[in-house]
Amino acid sequence: EENSGKGAEERHAGVSFVSNNLTRYAVGRSDVSPPEHLESGMDARVPPAYEREPYRTALETSILETGDDEGRPYAVLDDTVFYPEGGGQPPDHGLLNGIDVNDVQKEGGKIRHYLAAPVVPGPARIQLDWERRFDHMQQHTGQHLLSAVAEDRFSWQTTAFHLGPEVCDVEL
């Protein structure tokens, strides 16, 4: 059955939801697997805010869990606008209750926000470093365009891609 568009949802005996790319997932069904972020403590029916609203720059949320990873304090949130590192893209940066978020990683099915100082569970306001995010978005889009032309015109495959603050590298 085709998905009819944004917001379309299929009902199952269990909980169902639609991901940002309109792929259907149903919790409790054996024939589909939810994305990794659904094991993070976030509501399994709703993708994280960074997927739902990629242009959102701030969010009121809750700190569900805190910890320390080799001297690096982190927090796991109920929801987040911060993209974790992955697929060759660096993580978002910003603030959590006024404290610098300097790394975001998926660890054990949870999204960890690594911080400049420890925090305690409770209400949280997160603010995205939009200038950094927008720069990464532009570089990522440019890489897709360049890679498409290289593949189409010359049959060159992209073998590596690196985003940086001053330089972007695309290896073909």
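For the structure given in this document, a descriptive report is provided here. (Residues numbered from 1 in each chain as written. Predicted model: local features only at pLDDT ≥ 70, side-chain atom pairs only at ≥ 80, totals over all residues. Heavy atoms only, no water.)

Looking now at the sheet that holds strand E8 (residues 122-128). Read around the closed barrel, six strands run E3-E4-E7-E6-E5-E8, paired in antiparallel fashion. Across the sheet, the axes of successive neighbouring strands diverge by a mean angle of 50°, strand direction being ignored. Alignment of strand E3 (residues 58-69) against E8, held across six bridges, turns out to be antiparallel. In the sheet register, Thr61 faces E8, and the bridge partner there is Ala124. (Pairing = 2+ DSSP bridges. Helix = DSSP H or I, 4+ residues; strand = E, 2+ residues; numbered from the N terminus. Axes fitted to C-alpha atoms, helices over the stretch in contact; angles between N-to-C directions.)

Moving on, we get to the pattern of salt bridges. Applying the stated rule across the entire model yields eight salt bridges. Glu65 serves as the salt-bridge partner of Lys110, at 2.6 Å between the closest nitrogen and oxygen. With Lys110 in strand E7 (residues 110-115) and Glu65 in strand E3, the pair connects residues that are 45 residues apart, well separated along the chain. In this structure Lys110 comes out as partly exposed when scored by relative accessible area, which is 28%. The exposure class of Glu65 is partly exposed, given its relative accessible area of 24%. With a shortest N-O distance of 3.6 Å, Arg153 and Asp152 are connected by a salt bridge. By relative accessible area, Arg153 is classed as exposed at 63%. Note on Asp152: relative accessible area 56%, which makes it exposed. (Salt bridge = Lys/Arg side-chain N within 4 Å of Asp/Glu carboxyl O. Buried < 20%, exposed > 50% of the residue type's maximum accessible area, 1.4 Å probe, protein only.)

Time to look at the side chain of Arg112. Within the secondary structure, Arg112 is located in strand E7. Looking at Arg112, its side chain comes within polar contact range of the side chain of Tyr114, at 3.2 Å. Dropping the residues within four chain positions of it, Arg112 is found in contact with Asp69, Tyr74, Ala75, Val76, Asp103, Val104, Gln105 and Glu107. (Polar contact = N/O pair within 3.5 Å; in protein donor to acceptor, adjacent residues only side chain to side chain. Contact = heavy atoms within 4.5 Å.)

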